[in-house]
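Residue-level structure breakdown
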Amino acid sequence: MVALAGYDNANFKIQNGGKEFIFKTYEYDPETLALVEAENEALLHLKNSNHCTFPEPVPFADGAWIKCLEIGGRKRICRLLTFLDGDLMGNLQADVPMIESLGIMLAHLDLQLQEFDHYTIRARKWGWDIQYLHLNQAYIEDIDDPHKKSIVKYFYQQFEEKVRPTLPELRHSIIHNDVNEWNILIKNGKVSGLFDFGDIAYTPLINELAIAMTYVCYANDDPWDKAAALLRSYHSILPLEEKEIKLLFYLVTARLCISVCNSAHSRKIQEDNEYALVSEKGAWKMLFKCLETNPVDIENKFLQACGLEPEKTASTNEILKQRHQVLSPILSISYKNPIYMNSSAFQYMYDAYGNTFLDAYNNIPHVGHAHPKVVEAGRKQMGILNTNTRYLYDLLNEYAEMLLQRFPPELSKVYFVNSGSAASDLAIRLAQAHTGREHILVMEHGYHGNTQIGIDVSDYKFSNQKGQGQKSHILKAPIPDTYRGKYQLDDGTAGKMYAMDLIEDLQQTELPIAALIAEPIIGCGGQVPLAKGYLKELYPAIRAQGGICISDEVQVGFGRLGDYFWGYEAQEVIPDIVVLGKPIGNGHPMGAVVTTEAVAESFAKGVEFFSSFGGNPVSCAIGKAVLEVIDEEELQENARITGNYYQELFRELQSVYPSIGDVRGSGLFIGVELIKNENKDHNAELAKHIKNELRNRHILISTDGPYDSVLKSKPPLCFNRENVLQVVEQIDDILKQHR
Ligand code: PMP
């Protein structure tokens, strides 16, 4: 007698009269007994199948199919089945003919099972049936890695959105419900047998195929081609409906989630059950692959495999035409070949044609596109209360406190608005109200917003050829740039020298400055970090002449810089006002201004400040979720480690290609400046070429700087090493071909 592996029962292989059998025993409970009886009936129904062999129940000497016996002092359910021989599919490399034979066998099995019904199976409600995915929800917490947890939650949300509403419309029947590579037997390269009907369920028929697809494909490098082969062969025997085919991608992801949730749970309660973890690695690999997969691509592939035509998607030209009819051409569009976006997840974006883009550029979805915690926070609060700050509600106080905890104690008051522009605008008003002065000192190439005040303080806008010009109350400081500027030693001395020059100039003008506004890394200037030590020298001078200091953290804040949560920390200063935007709401329109008690008091002497939407409960819930995810997933640390690796790889490229003049930035905020020659002539053509070529290779980055010659990458903070490698390898390849 040989003990065999089992998920939650004990199986023994026995020999008698030259024949082999499998003796199965289960811990007694009435529900298991009823299910084992139902399973036996299903197997008796499948007896003499022409297409495949299944285990056959063997009666005890008295004719009983099942007996409850005392074994080792415990009551156990016992039964005997014929043993099937063959090679386990899991031990073989599954090729297309093998997979096609599985599809055909499975379709015949399901046709036969359509003739079988059993009320015990109909009544079964449990987590391994995909339609009851939510029953596994508690196990998500057993997954150790917080980012993996979020990926599973994301796919749960997709299931609720895409599958749940359609479930009642689907045809249901009894299915095997666990066609995996360790239950399938192969002889001569074809499927010869299927066993373990212990998961048998009454559920949407399409789940049978989804489960088989999951396990047959997850170990393959080309899982979706294999899946299409399985589908094609199944469909040739048991034709599927379009609505069933369209759900397959989400059903596969749901099954993978069930698998990884149960593996995590098993590990927690029963560390040594190897069998329970048998599919864990493959399931995670496949879930990550699913994230890189555009669901539209799979839907089209699957429809085509069944001889159905996918719905026609409008061309980008058609969409552009519609857009131009209703929107002004003043709104620019990225890339020569624009992208018609459909959906997104974490660091990936999916277009309407089935392509997946690696997002190495958008900094607004800071913790990842469609992050499930952020989505859930907003969705939930929207259904409870959404109002304005003229009422009292806990979320406003909670979020304000939580945000202020990220700042030193002197920055103790916060105003909520709905954009970075509104925040910059308010910051300038605060400064002017507090100082009673008007003049603002701004940085060359700085950008702070699209309101009139925002533009007035943004050299990037007012100095544009079509811009309004510099207003009389604006003073402009040259960029303290250690790559191109007057002082290039980035050891702290250059920053000091730039500041001292500026202070001297300011003293000569004798204009009373209300505030200095500066980004710690000047985005539109070409991702230029302020030279080290610059603000440390400049802030005291601004304050000494009666002004205050504003740091615009819209681009750099919330941990993106890796070493620092806020950009001003790199300059060893504490501003009087901080402007927040973009990442604060992960794409939900939010902005905030943080300031001191004294500035807030001055402003409070003026007319009431009110923002209809600023600080509403939905925004507060979202803002809270963003801060929590940054901590839970240790995203600042990821920005540091992944960002350092990113810069390292770019520096390696720089040593090979003289056209890379400079690599700069911090964490996941990186600029790569392209030059034509040793004189550092700006190479906008090359930057544009790389940007568009990367787009064609499904990687999103952009260009910036006064000459548009700087590549910028500031991806969602869940960006990983493989993503970094992919971007840099592609740039390497583009540069190689451009030499
Ligand atoms: N400040 C900086 C540094 C920015 O980059 C931007 C937007 N690019 C803003 C302010 C304005 O933010 P928003 O577009 O959300 O109004």
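Residues numbered from 1 in each chain as written. Predicted model: local features only at pLDDT ≥ 70, side-chain atom pairs only at ≥ 80, totals over all residues. Heavy atoms only, no water.

**Some remarks on the overall build of the protein chain**
Using the following cut-off: Starting at the N terminus, helices and strands are each numbered in turn, a helix being any DSSP run of H or I of at least four residues and a strand any DSSP run of E of at least two. A 1.4 Å probe and the Shrake-Rupley method give the accessible areas. Residues count as covered only by the protein chains that appear here. By the counting rule applied here, Lys and Arg register as positive and Asp and Glu as negative, while His and the ends of each chain are not counted. In this description, the location of a charge corresponds to atom NZ of lysine, CZ of arginine, CG of aspartate or CD of glutamate.
Along the backbone of the protein chain there are 22 helices and 28 strands. When the backbone C-alpha atoms are referred to their principal axes, the protein chain occupies close to 110 × 60 × 50 Å. In the structure as shown, the protein chain presents an accessible area of about 32,100 Å², 49% of it carried by carbon and sulfur atoms. Charged side chains of the protein chain number 71 positive and 97 negative; the gap between the two group centres comes to 3 Å.

**Considerations on the sheet that holds strand β7 (residues 87-88)**
To keep it simple, the criterion reads: At least two DSSP bridges between two strands are needed for those strands to be called paired. Two residues qualify as a contact provided that any one of their heavy atoms is within 4.5 Å of a heavy atom in the partner residue. Every axis corresponds to a line fitted to the C-alpha atoms, with the helix fit spanning only the stretch in contact, and the corresponding angles, defined between N-to-C directions, vary from 0 to 180 degrees.
The strand order across the open sheet built from three strands is β7-β9-β10, with neighbouring strands paired in antiparallel fashion. At either margin of the open sheet sits one strand with a lone partner, and together these are β7 and β10 (190-194). Note that β7 and strand β9 (residues 184-187) share two bridges and pair antiparallel. Within the sheet, the bridge partner assigned to D87 lies in β9 and is I186. Here helix α2 (residues 96-113) sits on the sheet and contacts β9 and β10; the angle it forms with β10, its principal contact strand, is near 40°.

**Things to note about helix α18 (residues 597-604)**
Convention followed: Think of it in three bands: residues with accessible area under 20% of the maximum for their type are buried, residues over 50% are exposed, and the middle band is partly exposed, with areas taken using a 1.4 Å probe on protein chains only. In this description, the arc belongs to the directions extending from the helix axis to the C-beta atoms.
Residues of α18 that are buried: V599, A600, S602 and F603. Here the buried residues of α18 occupy an arc of 160° about the axis, which is enough to place them on one side. Residues of α18 that are buried sit in contact with β15 (413-417), α13 (420-435), β21 (548-552), β22 (577-580) and β23 (591-595).

**Quick look at a nonpolar patch on the surface**
We count it as follows: Patch construction takes residues with relative accessible area above 30% that form no salt bridge. Like charges are linked within 9 Å, and nonpolar side chains (Val, Leu, Ile, Met, Phe, Trp, Tyr) are linked within 5 Å. Definition used for salt bridges: Asp or Glu carboxyl oxygen within 4 Å of a side-chain nitrogen of Lys or Arg.
On the surface, V326, L327, I330 and L331 cluster together into a nonpolar patch covering about 420 Å² of accessible area. You can see L327 is positioned in the loop between α10 (316-326) and β12 (341-345).

**Topic: the environment of G17**
Take G17: it is sitting in the loop between β2 (10-16) and β3 (19-27). With 150 residues separating them along the chain, G17 and L167 place their C-alpha atoms 49 Å apart.

**Overview of the site of the ligand**
What counts, and what does not: One heavy atom within 4 Å of a molecule or strand is enough for the residue carrying it to be called near that molecule or strand. Two N or O atoms count as a polar contact when they lie within 3.5 Å, although within protein this holds only if one can serve as hydrogen donor and the other as acceptor, and sequence-adjacent residues are included solely when both atoms are side-chain atoms.
The environment of the ligand is made up of S419, G420, S421, Y447, H448, G449, E519, D552, V554, Q555 and K582. Here a nitrogen atom of the ligand sits 2.7 Å away from a polar atom, N or O, in the side chain of D552. In this structure, a nitrogen atom belonging to the ligand sits 3.0 Å away from a side-chain N or O atom of K582. Relative to its unbound accessible area of 390 Å², the ligand is 83% covered by the protein chains.

**Side note on the sheet that holds β23**
Pairing within the open sheet is mixed, and its seven strands lie in the order β15-β23-β22-β21-β18-β16-β17. Single-partner strands in this sheet number two, and they are β15 and β17 (474-477). Between one strand axis and the next, the sheet turns by 20° as a mean value, whatever way the strands run. Relative to β17, strand β16 (residues 439-443) runs parallel, the two sharing four bridges. If you follow V442 over to β17, its bridge partner there is K476. Sheet contacts for α18: β15, β21, β22 and β23; angle to β15, the most-contacted strand, approximately 55°.

**As for the packing of aromatic side chains**
Worth spelling out the cut-off: Two rings from Phe, Tyr or Trp (for Trp, the six-membered ring) form a pair when their centres sit within 6.5 Å of each other. Planes less than 30 degrees apart are called stacked, planes more than 60 degrees apart edge-to-face, and all others tilted. By definition, being over a ring means that NZ of Lys or CZ of Arg is both within 6 Å of the ring centre and within 35 degrees of the ring normal.
Under the definition given, this model contains 21 aromatic pairs. A centroid spacing of 5.1 Å and a plane angle of 70° characterise the contact between Y154 and F155, whose relative ring orientation is edge-to-face. An aromatic cluster is present here, built from W224, F249, Y250 and F302 joined pairwise through their rings. It is R122 that lies over the ring of Y202; its NZ or CZ is 4.2 Å from the centre. Stacked on the ring of W126, the Lys or Arg R124 has its end atom at 3.8 Å from the ring centre.

**Describing the pairing of β15**
Looking along a regular strand, one sees side chains alternate from face to face of the sheet. The buried fraction of β15 is high, at four of five residues. The pairing of β15 with β23 spans five bridges and is antiparallel. Its bridge partner being in β23, F416 is matched across the sheet by A592.

**Digging into the pattern of salt bridges**
Scanning the model with the defined rule gives 42 salt bridges in all. For the salt bridge of D221 with K285, the shortest nitrogen-to-oxygen distance reads 3.9 Å. Of this pair, D221 sits in the loop between α5 (206-217) and α6 (223-237) while K285 sits in helix α8 (residues 280-291), and the two are 64 residues apart along the sequence. Close ionic contact of K471 with D456 constitutes a salt bridge, the shortest N to O distance being 2.9 Å. Linking K471 in the loop between α15 (459-462) and β17 with D456 in helix α14 (residues 452-456), this pair joins segments that are 15 residues apart in sequence. According to the relative accessible area criterion, K471 is partly exposed, its value standing at 31%.

**Concerning the pairing of strand β14 (residues 356-359)**
Burial along β14 is two-sided: the residues T356 and L358 and F357 and D359 are all buried. Two elements, strand β13 (residues 348-351) and β14, share three bridges in a ladder whose sense is antiparallel. Bridging from a neighbouring strand, Y348 pairs with L358 of β14. Connecting the antiparallel pair β13 and β14 is a turn made up of four residues, with G354 showing a positive phi of about 105°. Two strands pair when backbone bridges link them, and β14 and strand β26 (residues 699-700) are joined in this way by two bridges, in the parallel orientation. The residue of β26 that forms the bridge with L358 is I699.

**Examining the confidence of the model for the protein chain**
Test applied: pLDDT measures how confident the predictor is about each residue, on a scale from 0 to 100.
Per-residue pLDDT for the protein chain averages 96, and the proportion of residues at 70 or more is 98%. When pLDDT is averaged over each element of the protein chain, β22 comes out on top at 99 and strand β1 (residues 2-4) at the bottom at 66.

**Brief notes about the environment of K336**
With respect to the helices and strands, K336 occurs in the loop between α10 and β12. Classification of K336 as exposed rests on a relative accessible area of 70%. The sequence separation of K336 and N696 amounts to 360 residues, and the corresponding C-alpha distance is 10.0 Å.

**Brief notes about the environment of K688**
Topologically, K688 is positioned in helix α21 (residues 684-696). For K688, a relative accessible area of 48% corresponds to the partly exposed category. In sequence terms K688 and V710 are 22 residues apart; their C-alpha atoms lie 9.2 Å from each other.

**Side note on the packing of helix α7 (residues 242-269) against helix α9 (residues 295-305)**
So the rule is basically this: An angle counts as roughly parallel when it lies under 35 degrees, as roughly antiparallel when it exceeds 145, as roughly perpendicular when it falls between 65 and 115, and as oblique in every other case. Take the far helix as the reference: if the near one is turned anticlockwise from it by less than a right angle, the crossing is left-handed, and if turned clockwise, right-handed. Polar here means any residue outside two lists: the nonpolar Ala, Val, Leu, Ile, Met, Phe, Trp, Tyr, Cys and Pro, and the charged Asp, Glu, Lys and Arg; Gly therefore counts as polar.
Running from N to C, α7 and α9 point in directions that differ by 140°, and their axes come no closer than 9 Å. The orientation of α7 with respect to α9, classified from their angle, is oblique. The way α7 lies across α9 gives a crossing that is right-handed. Of α9, the residues touching α7 (which contributes E242, I245, K246, L248, F249 and Y250) are P295, I298, E299, F302 and L303. In terms of residue class, the contact of α7 with α9 is made up of eight nonpolar, no polar and three charged.

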